[in-house]
Structure formats: C-alpha cells, structure tokens
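Read off the chains here:
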Amino acid sequence: MTGSRLRRRALLAVGLMLVSFGWAPPLAATQTEGGVPTSDGAWTWQNPQPQGNRINALQFMDADTGWAVGQGGLILRTTDGGQSWATQTSGTRADLTGMAILDEARAVIVGNTGTILTTDDAGATWASHGDAASVDLRGVVAPGDDYVYAVGRAGILPYSPDGGTTWHGWGIFEGNRELLRVQFLNPQRGFVLTPLRTGGMSVYTTPDGGPTWYEIGIPTTVNVHDFRVVAQDTMVVVGANGAILKTTDSGASWRTIPSPTNATLQRITSVGALLEVVGDGGVILRSTDTGDSWARLPDSPTTENLVDVLMVKPQVGYAAGAHGTLLKTTNGGNSWLRLDRGERAELRGLDFATSQVGLAVGTGGTILKTLDQGATWRHMASGVSVDLNDVRFLDRQTSVAVGANGTILLSRDAGETWSLVLVQATADLHAVAVVPDVATDAPIGFMTVGYREDQPPTVLRSEDQGRSWQGVVIPSAGSIASDRPVAVAFPDRHAGFIGSASAVWASADGGRSWQIVAGPSLRSNISGLRGFAFVSASEGYAVGTGAFHTTNGGRTWAQSGSSAMGSRALWDVAFRDPSNGYAVGNGGVVFTTADGGMSWTELNTGTRLNLRSVRFISPAVGFVIGEGGVILASTSGGQATRGVPPAVISMTPADGRADVPAADALTVQFTKAVGFDPSDYGEVGAYQLRGPDGALVPAKASYEPVAHLVQIAPVEALEPGSNYALTVVGGPTGVMDLDGQPMAFDRTARFRVACAISPRGGFGALVATNAPISQHLGCPLAPEAGGTFAEQTFERGHMLWLADRQEILVVTFPDNHWTTYPDRYVAGSPDPTDVPPVGLVTPRRGFGMVWSQTPGLREQLGFALAPERGFDGALQELSNGRLVWTGADDGQIRIYYRDGSAAVVPDPTRGQ
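Everything numeric here is computed off the predicted structure, so don't read it as measured data.

(A) Spatial organisation of the overall build of the protein. Within the protein one finds six helices and 74 strands. The globule rule puts the C-alpha radius of gyration for 912 residues at 29 Å, and the 37 Å found for the protein is more than 25% above it. Dimensions of the protein along its principal axes, counting C-alpha atoms only, are 135 × 65 × 45 Å. Out of the 912 residues belonging to the protein, those deemed buried represent 55%. A separation threshold of at least 6 residues defines the contact pool for the protein, and within that pool the share at least 24 residues apart is 48%. Element-wise, carbon and sulfur atoms account for 51% of the exposed surface of the protein, whose accessible area totals about 36500 Å². A gap of 5 Å separates the mean positions of the 65 positive and 85 negative side-chain charges of the protein.

Here's what the structure looks like:
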C-alpha cells in the first residue's frame, strides 16, 4: 500500500474488553557470579556466560542499571553497566518478549501465552498477572502517567492505567491480525506495527490512547520488522534484505534509503539524531542524521543474530540477541564491546577423564577443556576447521576426537595438544568408543564409526591407543539409511555394539567381527537412532525418535518411557549404573530415569537450545552440551533446588555395601547448598557414624560448598569386617539449607568394612553374594591354602580330615553341630570290626578310630554311606569360622562357624 492515504479505520471491537488477571506469590531473585543458574537452580550456565538463551528485549533505567529478558522465562539484571548480572526468578518458562520500566522500583514484562509480570521492588520479586486471552504478547511500553500498553496476537492491545496492577484490553483489528511492535510518545499518542491481510505491513497510530486508530501505509514490497518515530511526522522502518525506508509526512510519501547490508534488520532505536539498527549475522548500522544515511559497523564483535538495541543516552547503548549475546557501546555506537563471553560453536561430544578434567568438541574444529569440573573452559588448538562430533578418553592422558572427512585427532597430554592421524577414510565420523583388550580387559584402543552417502559404512579400529587405525567390515543392514552407523559402544571386553538409524550390529570378540542383530529386515522397531548406551552385554538403551530398551543384546527393542518422550528428537543417552540414566535432545530436553528406563522424568534445563550430549560423573554432578556452545552443569542430579528442601543425592558408602575399604572417605552429597558447622557431627548432631556396638565413632566433619559435599573422617581407622551406620538427620534438628528449610527425612547408609585380606575364588564369590554368611564368618585371618583332604558321609553326620593339621571335623545331623578331634591314627592301627548293615560301610583309619573310640559317637552318627573320598581342596581360616572347598569334582564349600554350627553350600564359581 503506497500513496498519501491517511484514513480513519472503523473500530470493529471498540468496547472495553476486561481481561481477567490472577495474582501469584512473588518470587525471589538470586545473585550469581559467572554463569547464572536456571530458574529452579537445577543447572548453571558454564558456557556461554552469563547464559546462552536468546535475549529478546533490553530496558535500562540509566547507563548502568537495567534488565535483559528472553527465552524460557529469562530475566537478568545488572547494576554495573553489564559487567555482572543477577538472575531473577520469573516463575514461568514462557519466552519473555518485552519490558517497560515505570520508575526505579516498578517494571512490567510481557511474553508468550499472555504472560504479564510486574515488580515493585526492582525485580527482587515478580508477580504474575495471569494471561491476556492467552495470546502471545510481543512488546510493552510505559509512556507515562502509569499507563502501560502491550501488543500481541489476535489484534489484542492490553493496557493498564495504574502501572500494571489492573488490566483492560482493546481489540482493534479485524481478522485477528498480530501486533508486532509498539511505540508511544505519550499516554495518548501511540503506534503499532501489524501485517496486512493483503500482504505487506502497516503502522497504525492512535491520538487518544486506543479508542481510535489511523493507518499509515507502507510500501507493500517491504517486509518490515521494526519502526521508529524519531520526530513529528517522521518515521524510519527497517526490515528484510537490509530494507530502510523513511517518511517525513506521516506516511504520505516514503523514501528508500540506501542500505549498506542485505541482512535482515530486526530492531531500531534512537536518541536525538542518532539511530542504531541491529540485525541478523551481528549486523550493526548507525545513522547520525535521523536516518538519511547509514554506515555499517565494520568490526561487529559478533556474528550472532541481534534482535534488540537500546541507546540509553547519546554515548551509551546496549544490544542483545541469539545465544545470550550482549553488547555495549560507550562512544555512541562507533564501536561495541561484548559483555558476554564464551564459545558459540555447537558442541557435540563430551567426556571426562577424572571428576575434574573433561573435554568438549564441536563444529569448526572446536575443542574445549576444563581442569576444574567445568568452572572454567579453555579453547584448545585443534589444528583443524572441520566439525568434530565425539571425543573419548582412553586414560588420563590419551584421548581421541573424531569428525568430518575422516578426521581423527589424537592427544597424548590430556587434550593440551592434538595431532592429526592419517587414515584411509573420508567419511564423516560420528562416534568413538574405547575398546578393551579381550584378554586383560584393559583399554587398548578405540573404535569409530561413520558414513558418507556415496560409500559403504566406515568402521575403524585401533589397538595401539589411537596411533594407527584399520578398517573393519560390517554386513549390510539392507538399506541406505540403515547402513549409516552413528553410534558405537563397548560395555565389556568382548561385547561391542554399532547403531544406525534403524539397525544394530553386535560383536562378541572385542570388535574384530560383527553381525547384524536388529534392522528393517529383522522387524526392529527402533526409529531414528542417534546414540546408545549399554550397561552390560545384554542390556542397553537407544535414543532417536524416542527412547528404546533391549535386554537381549540388541536383538529386540521395546519403547522406553511415555508417548510424550517418543515425540521428542533425542541425541544422546548415558547411564551411570543399570538403574540411573539421562537422555538429551532438541528443545533443551533432559530426561532422567531411576528405574532402568521403565519411567522417565523431564528435567527443567531453563533452555530450549538443542542438546547433543550428556555425562554424569557422579550421582550429583553432570553436564549437558549442545547448540550455541551451551554447557550446563548440575550439582543436584539435575533436580530443582530453589524453593524445595535439601535432599541427599548420594552417600558413600552406599547403603548395603559389604566391601568398604577401611580408609575410604565417608561422604554425603546434597542437592543444594546446606548450612554447616563442624560441630554438626555428634551424639545429637546432624551427622552420626555409629559402630557395631551402636556407639558414636569419634570423627571430624568438613564441608565442600561447591559440591554440596560433607565428609566424615573417623579419627581412627574403622575395624575390618565390622558393621557401621552413617546417619544424616532430617527435620527441625537436622540438616537445613541456607534459607532454613529442613531436610524432610533421615537418611542412613549401613555398610560393612572390608577385610584386610579378601577371600578369592569360590570363597570370595560366596561372601560377596551372601551377606548373612559373610557377616557370620568375619574376616580372613590368612589367605586360603590348598591341601589334601578326605571326607566321609554317615547316616546322621559327616567327617572331614585335614591332612596338614591332622584334624578330623565331625558334623552331626540334624543339629549340624560340629566338633574337632585330633587324628591319632598311625599306620598299622587296627580298624573297627563292626559289621555294617547291607549297603552301609564301617569307617576305617582315622575316621574309624574317632568313630569307635569316642563314647556315644558311633550311635549318634550311624554307619557310613560310602567309603571315604580323598581330594585336593582349599582351606581358609576366618575370625569366626573356617571354609573348606571340597575340590573341583564335588564343587561344594563346607562352612564351620566358630559358634559350633556348620553348613554346606554349592561353590558359586563352579562351571565358570
């Protein structure tokens, strides 16, 4: 629409439309250094900093004090000109799109789904005012006299005459057209930008605060994104393809202004004759003559899309945009400096060598390294510019990164320096795994997989710690998509797995040969597989279009989780143990399971950026990485910490452990920071370690605030083989967080200290799998010893001869009581002459002497069922008994407890 038309539009919905707004409790703000936490405290931004969500709008009260609002309910506040930022809790996950400041204490924020938030304490708390007909709101202004106007979809223009306390609404345009931008010069004179049904954009203006509107036509050839009224009858509009137009007669005529860019221009701001425009690709334009001519900033400090710009005064201004980008000028826009910091490349692969040392790799050859559990990340020189897709540590020093065009990088110094390994492959390598040695189970090398559309699948294997690589052939899965491997895993030294979009291969020889176990021809129901994790040779999890679970080595897969999870595009899955795992994907989703994938819970990450990889290095500490360089860290297992009581996320030793080394640290890790004093350890304290007699063990307690970790250090070493209980007390007398919220319940970990000498073989397997027997026997007094034995079973008992000790152990039935007798038999001694009943046997030699010469024993035992049997066995003495292995042929373990009772059990290792 062009020309000199300035015409009055009839209002189709003039009546006051009262909008119902509820009231929510105010929400507290949290100050942080470096990266800010998410709204519920579950995660903290480690990269970029202060955060990486898109910033949609900026508002400043003066050159130093202002806010940034954006994606996922983001509210940031600075009081030092952007040098540091506080995160303020919005109480919503909706995108926030606009903000208006009324005075030093009061402000209004609007966003999607009709979100309206107000504060009267400079953002320390924000109150929700419900929704304005549930429409997405695009902007808000406060032109004075406590009037506030917002714009949004469906032609809705909510307004408040009292600073946001109460709201009304104008419905102003037919066809429910969206209102995109708003500017008011005073409480009466306002302007809105809206698309036309016939195409193009138009600006409407009101002279009376909303009852009547006039149209200001804009040429239909221009896709306008923003406008600015800079003087009486003078307006500048900007839009797609670098378009800049100006009118000085209220739209009667327009002049196309030469633009120094073809990029889409998103926002325009002005102060006096100075105008600044920002747009896609970090474009910044500047005009000093009210928009008659423009120059492009030649050295914009970012290539991210910029979506808002604000000049606070002629010299000081701010700009913001995608992935948390924040810029500032102090010279009227001649140059801009970054307030944010960090890598913006998409991160795709993540691994940790220790709890402190980790690597992340991504697009453009990006490699980041941390030495302090992610508190800081350094950019490492990779020497390549291709995309890197995955990284793995073989040990603390050796690591491999893989990527596009057959790129394999090897580091021998924990990621400090990298060298390119030449291989006969040009495919894009998507994943790498550590390969154990099939004989020793020690890590010996790596396996990587990938594909290129015009080539067979690429599988490379290294057995020399990544120095050289050889191709491995896998059979075709029968289709192009299925033959493109993207995932690889080795749960043990024999079992390996490779996955593609709809197929799975398995190896039983450490990756040397492969067979297809699931695929289209085998009716596999996995869909869009992008990553998987195996917790054993039989059990594993895959993610793609949803999550899947196998219990038979990948041959069949069942959908894991809810249908809602199945609709998400997932990229990675990692399991800390067979029960506890995490999956991540597009839209910032993180799911967690504590029951082996039977059910999954979605965690709030505070972002909708696509996430590509997840690693948890302990039950509490974990990381996710992805789009825009996002690195989010959690010290609470990904669980919310703000506004909820503290809880124990892990205890070391875990409850029920029976093999705890005496020197091991005893720790308690919480989901959030807790109050602590060394005196909290004691008889009535929050932390209590009690020994086998129930008495408090003398110990000292310390606290690591960053990890939320309490350590209990006994003054003396714990007694081997003894049982202990570590209790964390909840309730009003126990553990509390920094806000005084008490932990709800007590938590106790009961454990048994390992013995100084560990049983091995069948004896070791027995005590490891049978806690009652282990606790009854106590600790070994010496290593097991092989020897010569003989045994004979009687009608009502059993005899065992220990050649090395010249002892005979006699067990009587049915009480299973045992007694030891010296073996006094010498060669030539007479055997008993008692005639046994048919089918029974009279004992001879030492057994016969004890049987016949011990008063009452012959009557108690009866005759033998068969002749005695000699065998080579093993004996181990323990503090509360002894164990005897009856040899490979018999495969039994006989137990003689110190209290006189006896038992016999099968050797758990027989047949292995």
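(B) Structural detail: the pairing of strand 64 (residues 709-714). With four bridges joining them, strand 61 (residues 666-670) and strand 64 adopt antiparallel strand pairing. Pairing of Gln-669 across the sheet is with Leu-709, part of strand 64. Where strand 63 (residues 699-704) meets strand 64, six bridges bridge the pair, whose relative direction is antiparallel. Its bridge partner lying in strand 64, Ala-701 is registered against Ile-712. Linkage of strand 63 to strand 64, two consecutive antiparallel strands, is achieved through a turn of four residues, within which His-708 is found at a positive phi near 55°.

(C) Inspection of the sheet that holds strand 21 (residues 224-231) at higher detail. Read from one edge of the open sheet, four strands run 21-22-23-24, paired in antiparallel fashion. Only two strands of the sheet have a single neighbouring strand rather than two, namely strand 21 and strand 24 (255-256). Direction of pairing for strand 23 (residues 244-247) relative to strand 24: antiparallel, over a ladder of two bridges. For Leu-245, the partnering residue across the bridge sits in strand 24 and is Thr-256.

(D) Local environment of unusual backbone geometry. Looking along the chain, the bond that leaves Thr-652 and enters Pro-653 is cis, with omega of 5°. Inspection of the secondary structure puts Pro-653 in the loop between strand 60 (648-652) and strand 61. A cis amide bond links Phe-813 to the next residue, Pro-814, at an omega of 0°. Mapping Pro-814 onto the fold places it in the loop between strand 69 (807-812) and strand 70 (817-822). Backbone geometry at Ala-122 places phi at a positive 60°, although glycine is not the residue there. Structurally, Ala-122 is set in the loop between strand 11 (116-119) and strand 12 (125-128). On the basis of relative accessible area, Ala-122 is assigned to the buried category, the value being 16%. With a phi angle near 65°, Asp-146 is a residue other than glycine that sits in the positive phi range.

(E) Helix 4 (residues 845-853), seen in detail. Taken together, the buried positions of helix 4 are occupied by Gly-846, Phe-847, Gly-848, Met-849, Val-850 and Trp-851. Residues of helix 4 that are buried sit in contact with strand 67 (785-794), strand 68 (797-802), strand 69, strand 70 and helix 5 (857-861).

(F) The arrangement of the side chain of Glu-343 in detail. Among the secondary structure elements, Glu-343 is positioned in the loop between strand 32 (337-338) and strand 33 (347-352). The buried charged residue Glu-343 lacks any salt bridge, with Arg-344 as its nearest oppositely charged partner at 7.9 Å. Engagement of the side chain of Glu-343 in a polar contact is seen with the backbone nitrogen of Ala-345, the distance being 3.1 Å. Discounting chain neighbours no more than four positions away, the residues touching Glu-343 are Asn-47, Pro-48, Thr-366, Leu-368, His-379, Gly-628 and Gly-629.

(G) Layout of the nonpolar core. Judged by nonpolar contacts, the single largest core of 30 residues is most densely connected at Trp-43, Leu-326, Val-590 and Val-624. Ignoring sequence-local partners within four residues, the contact set of Val-624 consists of Trp-43, Val-584, Val-590, Leu-611, Ser-613, Val-614, Val-630, Ile-631 and Leu-632. Listed in part, the 26 residues of the second largest apolar core include Leu-689, Ala-699, Ile-712 and Leu-726.

(H) Quick look at the packing of aromatic side chains. One pass over the structure, following the stated rule, counts 21 aromatic pairs. Ring geometry for Tyr-149 and Phe-184: centres 4.0 Å apart, planes at 10°, overall stacked. Placement of Tyr-149 in strand 14 (residues 147-152) and of Phe-184 in strand 17 (residues 181-184) is noted, with a sequence separation of 35 residues between them. For the pair Tyr-149 and Phe-184, a shared accessibility class is recorded, and that class is buried. Three or more aromatic residues link up through ring pairs in this structure, and these residues are Tyr-147, Tyr-149, Tyr-159 and Phe-184. Over the face of the ring belonging to Trp-571 we find Arg-530, whose NZ or CZ atom lies 4.8 Å from the ring centre. The ring of Trp-851 carries the charged tip of Arg-858 above its face, separated from the ring centre by 5.3 Å.

Conventions and cut-offs
- Residues numbered from 1 in each chain as written.
- Predicted model: local features only at pLDDT ≥ 70, side-chain atom pairs only at ≥ 80, totals over all residues.
- Heavy atoms only, no water.
- Helix = DSSP H or I, 4+ residues; strand = E, 2+ residues; numbered from the N terminus.
- Rg over C-alpha atoms; globule rule 2.2 N^0.38 Å.
- Buried < 20%, exposed > 50% of the residue type's maximum accessible area, 1.4 Å probe, protein only.
- Contact = heavy atoms within 4.5 Å.
- Areas by Shrake-Rupley, 256 points an atom, 1.4 Å probe, with all protein chains shown as cover.
- Lys, Arg positive; Asp, Glu negative; His and termini not counted.
- Charge placed at Lys NZ, Arg CZ, Asp CG, Glu CD.
- Pairing = 2+ DSSP bridges.
- Salt bridge = Lys/Arg side-chain N within 4 Å of Asp/Glu carboxyl O.
- Polar contact = N/O pair within 3.5 Å; in protein donor to acceptor, adjacent residues only side chain to side chain.
- Core = buried A, V, L, I, M, F, W, Y, C linked by side-chain atoms within 4.5 Å.
- Phe/Tyr/Trp six-rings, centres within 6.5 Å; stacked < 30°, edge-to-face > 60°.
- Lys NZ or Arg CZ within 6 Å of the ring centre and 35° of its normal.

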